[in-house]
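An overview of the molecular structure
If you want the building blocks of each chain, they are given just below.
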Amino acid sequence: MSAEGPQLEKLTRRLAETPEEFLEDPVIGSRGMVRADAVVSDLLQDLGGPPLTDAEAAAFASSDPKRLNQLRLILVAAWLLHDEWFTAAQKYAAQSRAWLSGGLGALAALVAARLFVSDPERREELARLCLSALGLRPQAEAEGQAQDRLNSLSSVEREKVIRATKGQLERARQIREAMKKKAAEEAAAKAVRE
Amino acid sequence: MIPLERLERNPLITEAGYCRLNRILQHPCAPRWNYVVGDRIESGDLSLVEEYRRRVREDRGPSEGIPPPALLDWVERLRERVPVLRQVLPEGFNLARDWAYVPTMDREDLALRIEQVVPVDEDLSRLIVYDTSGTTGHALRVPHHPRAMAQNQVLIEYALERHGVRPFFGPDTVACVNLGAQEANTVIFANVFTIWNQAGFAKVNLHPKDWGSTEHARAFFREIAPLFLTGDPVGFAELLSWEIPVRPAAILSTATALSEGLKNKLRASLGCPVVDWYSVTETGPIAYACPLGRGLHILPHDIFVEALDAEGHPVREGESGEIAVTGGHNPFVPLLRYRTGDWGRIERSPCPCGEVTPRILDFEGRDPVFFRSAEGSVVNAVDIGRALRRFPVVQHEVVQRADGSCEVALRGVQRLGLDLERVESALRELLGAGIVLSLRLDETLGERLRGRKVQPYRSERAE
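Remember, predicted model here, so these are calculated numbers, not experimental data.

1. So, the environment of Asp83 of chain A
Residues and elements named next belong to chain A. Mapped onto the fold, Asp83 is located in the loop between α4 (68-81) and α5 (84-89). The class for Asp83 is buried, based on a relative accessible area of 4%. Once you skip the residues sitting within four places of it in the chain, Asp83 turns out to touch Lys10, Leu11 and Arg14. A polar side-chain atom of Asp83 sits 2.9 Å from a polar atom in the side chain of Lys10.

2. Comments concerning the domain arrangement of chain B
Frequently, the measure chosen for interface size is the accessible area removed from exposure when the parts meet. Taken domain by domain, chain B comprises domain 1 (4-364) and domain 2 (370-459). One C-alpha centre belongs to domain 1 of chain B, the other to domain 2 of chain B; they are set 26 Å apart.

3. A look at the interface of chain A and chain B
With 41 residues of chain A at the contact, the number on the chain B side is 56 residues. With both sides pooled, the region where chain A packs onto chain B buries about 4,300 Å², and carbon together with sulfur makes up 56% of that total. Considering only the side of chain A, the residues that lose the most area to chain B are Met179, Glu186 and Glu194 of chain A, jointly responsible for 17% of the buried surface there. Applying the counting rule to chain A against chain B returns three salt bridges. At the boundary of chain A with chain B, the tally comes to 13 residue pairs in polar contact (both at pLDDT 80 or more). At the level of elements, α4, α11 (155-164), α12 (166-180) and α13 (182-186) of chain A are the ones that each hand at least two residues to the side of chain A that touches chain B. Looking at which element gives the most residues to the side of chain A that touches chain B, the answer is α12 of chain A, with eight residues. The class makeup of the residues in the side of chain A that touches chain B is 21 nonpolar, four polar and 16 charged.

4. Comments concerning the pattern of salt bridges
In total, this model carries 45 salt bridges over all chains according to the counting rule given. Its salt-bridge partner being Glu355 of chain B, residue Arg60 of chain B comes within 3.0 Å of it at the nearest N-O pair. Taken together, the residues span a long stretch of sequence, with Arg60 of chain B in the loop between α3 (43-58) and α4 (69-78) and Glu355 of chain B in the loop between β13 (335-347) and β14 (359-364) at a distance of 295 residues. The burial state of Arg60 of chain B is the same as that of Glu355 of chain B; both residues are buried. Among the salt bridges present, the one from Arg218 of chain B reaches Glu215 of chain B, with a minimum N-O distance of 3.0 Å. Linking Arg218 of chain B with Glu215 of chain B, this pair stays in helix α9 (residues 214-224), spanning three residues, or about one helical turn. By sharing partners, the salt bridges in this structure join Asp25 and Arg72 of chain A together with Arg97 and Asp98 of chain B into a single network.

5. Quick notes on the sheet that holds β14 of chain B
All names here are of chain B. Within the open sheet, the twelve strands sit side by side as β4-β5-β3-β6-β7-β8-β9-β10-β14-β13-β12-β11. Their pairing is mixed. Looking at strand neighbours, the two that pair on one side only are β4 (189-193) and β11 (303-308), the edges of this open sheet. In this sheet, neighbouring strand axes are inclined to one another by 35 degrees on average, regardless of whether the strands run parallel or antiparallel. Pairing of strand β7 (residues 251-253) with strand β8 (residues 274-280), which is carried by three bridges, proceeds in the parallel orientation. Within the sheet, the bridge partner assigned to Ser253 lies in β8 and is Asp276. Lying over the sheet, helix α2 (residues 15-25) contacts β3 (174-180), β4 and β5 (199-205), oriented at roughly 160 degrees with respect to β4. The sheet strands contacting helix α11 (residues 260-270) are β7 and β8, and the helix crosses β8 at an angle near 130 degrees.

6. Quick word on the nonpolar core
By size, the foremost hydrophobic cluster in this structure holds 127 residues, and its most contacted members are Phe86 and Leu126 of chain A together with Trp196 and Ile360 of chain B. At eleven residues, α4 of chain A tops the list of elements feeding residues into this core. Beyond its immediate stretch of four places on either side in the chain, Trp196 of chain B contacts Ala191 of chain A together with Gln153, Ile156, Glu157, Phe169, Gly170, Ala175 and Phe228 of chain B. Residues Val177, Ala202, Leu206 and Trp242 of chain B belong to the second largest nonpolar core, which totals 34 residues.

7. A word on the side chain of Thr18 of chain A
Residues and elements named next belong to chain A. Inspection of the secondary structure assignment puts Thr18 in the loop between α1 (8-16) and α2 (36-46). Polar contacts involving the side chain of Thr18 include one to the main-chain carbonyl oxygen of Leu15, which spans 2.5 Å. The contacts of Thr18, once residues within four sequence positions are left out, are Leu23, Trp79 and Val117.

8. Considering the confidence of the model for chain B
Residue and element names in this part refer to chain B. The predicted model of chain B has a mean per-residue pLDDT of 89, with 94% of residues at 70 or higher. Taken element by element, chain B is modelled with least confidence in helix α12 (residues 381-389), mean pLDDT 79, and with most confidence in α2, mean pLDDT 98. For this predicted complex, the interface confidence reaches an ipTM of 0.72, while the overall pTM sits at 0.78.

9. Things to note about the packing of α1 of chain A against α4 of chain A
All names here are of chain A. Between α1 and α4, the shortest axis-to-axis distance is 9 Å and the interhelical angle comes to 130 degrees. Between α1 and α4, the crossing angle belongs to the class labelled oblique. The crossing of α1 and α4 is right-handed. The segment α1 lies against α4, with Leu11, Arg14 and Leu15 engaging Val76, Trp79 and Leu80. Considered class by class, the residues forming the contact of α1 with α4 number five nonpolar, no polar and one charged.

10. Structural notes on the packing of aromatic side chains
To describe a pair of aromatic rings, you give the distance between the ring centres and the angle between the ring planes. Residue and element names in this part refer to chain B. Counted by the stated rule, this structure contains 18 aromatic pairs over all chains. Measuring from centroid to centroid gives 6.0 Å for Phe371 and Tyr457, while their planes differ by 65 degrees, and the two rings are edge-to-face. With Phe371 in strand β15 (residues 370-372) and Tyr457 in strand β20 (residues 457-459), the pair connects residues that are 86 residues apart, well separated along the chain. The exposure classification of Phe371 matches that of Tyr457, with both residues buried. Members of the aromatic cluster, each reached through a chain of ring pairs, are Tyr35, Phe169, Phe189, Phe193, Trp196, Phe201 and Phe228.

11. Looking at the state of the cysteines
All names here are of chain B. Counting across every chain of the model gives zero disulfides over all chains. The thiol sulfur of Cys351 is not disulfide-bonded, and the nearest other cysteine sulfur, from Cys353, lies at 3.6 Å. On the basis of relative accessible area, Cys351 is assigned to the buried category, the value being 8%.

Thresholds, definitions, all that
Residues numbered from 1 in each chain as written. Chains lettered and ligands numbered in written order. Predicted model: local features only at pLDDT ≥ 70, side-chain atom pairs only at ≥ 80, totals over all residues. Heavy atoms only, no water. Helix = DSSP H or I, 4+ residues; strand = E, 2+ residues; numbered from the N terminus. Buried < 20%, exposed > 50% of the residue type's maximum accessible area, 1.4 Å probe, protein only. Contact = heavy atoms within 4.5 Å. Polar contact = N/O pair within 3.5 Å; in protein donor to acceptor, adjacent residues only side chain to side chain. Domains from an automatic or database assignment. Buried area = accessible area lost by both parts, 1.4 Å probe. Salt bridge = Lys/Arg side-chain N within 4 Å of Asp/Glu carboxyl O. Nonpolar A, V, L, I, M, F, W, Y, C, P; charged D, E, K, R; others polar. Pairing = 2+ DSSP bridges. Axes fitted to C-alpha atoms, helices over the stretch in contact; angles between N-to-C directions. Core = buried A, V, L, I, M, F, W, Y, C linked by side-chain atoms within 4.5 Å. pLDDT = per-residue confidence, 0-100. Parallel < 35°, antiparallel > 145°, perpendicular 65-115°, else oblique. Left-handed = near helix turned anticlockwise from the far one by under 90°. Phe/Tyr/Trp six-rings, centres within 6.5 Å; stacked < 30°, edge-to-face > 60°. Disulfide = S-S within 2.5 Å.

Spelled out as structure tokens, the structure:
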């Protein structure tokens, strides 16, 4: 995060004003309205880079419904990157492509894309993630300060902590033990069997 | 005086119930009992079962393409308590709008990640476990709760009632006998059910090794006179061939598809309704036969059933898809679009029989499959499933070729490894030492089928 980027508030405001067409359902298989690959390809050209190749476009097209939220988040992030601060610089296409294709999967698994538009904390999280992915920090913030704030907002880091807690591991052990108990294995009489 | 160990298993058994139990157990012609089990119902369960009994009748309704609001709220609330739901439903996910995109669950979630499925704060002290029969291609251990089992009995009452049967339960009656006919060892026991007013119950196996003689079996049934019977088609076929003198008010047939021919024979011989019953260990009862023969009506009021394509989208109206279940009353296994591996078409239009819930039409369940041992005797697929269940097998596919040779594909639990020599030896015990048998590990078994279930048993022999 060596370079200074745009004002954070400018980016979060832009997210709050995401137009409806960027919130439409992405095309998945035979359903949906918006082709994420086309949106990203246009964006990359606006950022000064080449359009997506066919191979690159595959990362933004899917027939797997499990990718719905990820494609939605890509559309919201693409709207964010269309901010004139980025397009005017004409040098962020490569980092943007990398972030959009590989940097949003874990976040999309945890938080619905619309929350990055409607919820102030999640807007700030996405804006800071975007700047970080582009090697930038918010205007008028020190590097350490920006990193600390991003860590404290990070949904992905929070989930990692929850999953790694001793309580979760202990619970898994308890369930395995309970299923091995003699009384559990004896079960209870069933009037009808499957 | 009721012994303590019986009270542990049947905490609410009465003196009259205990007498009934002993009359079954000590009958001079009883089968060779090999198991002891109770209903484990406690006093705190009774009001909840009664509430369920009321709601099964009052909360029934038609459903559209997505679950009703109460069920969506249930899923939303569970997200915070069930790790697997937290993983598949991002925070803020709009269930009503995006239901078609909600990821599905399947047997693998229960076989490999059960600790991710059980709610984090659910009291485990009354957890019990059921093994699946393995006839669906996975051997599974499913956590359950005694109260949920009693609630399933309420669903039996409802289905019987819809077929005009209202048994009067009491300690002077035997509510039901569950029939099987298996070569391999299976549990054989008697019990009394608290929620059926201490009425008796027996699970028996119609195989000669489990009785003194077939005449004993006839005498046993003649005297205990069960109000109704449950079981699978193989058991009912044996009931007829053993000429068991029984006059049940109804028969509930489960587990494998009951042919029209056998159904008609049973009706003619026993003079009672024969009701197809669709139930899966992981989900509990799902549907029962329409009294007018127009498919299978969804039975519990607390589940939502849909038919899905390979990608998890609901199929178009009128098309057949894999049956998936959301909801249920097993507190340890909350189901979210759980793929059953069975196929059918969901019909949501009103049924002339008067039942308001949707129907499953063109149901493709688990067809009965029989193998032949090297010596030519019949080997039930259920027995093969039981043999494989002793090993860490996630899915299996057993094929008997026309020449009698058998090919077995196994998908193991990766971290546990699988000793193929021991599996082969277990299968040879059933199929005979002389059988030509080949086994192979296939870690992608089922994945290539994109959601379509593995056909766990297949026989190419002409019978």
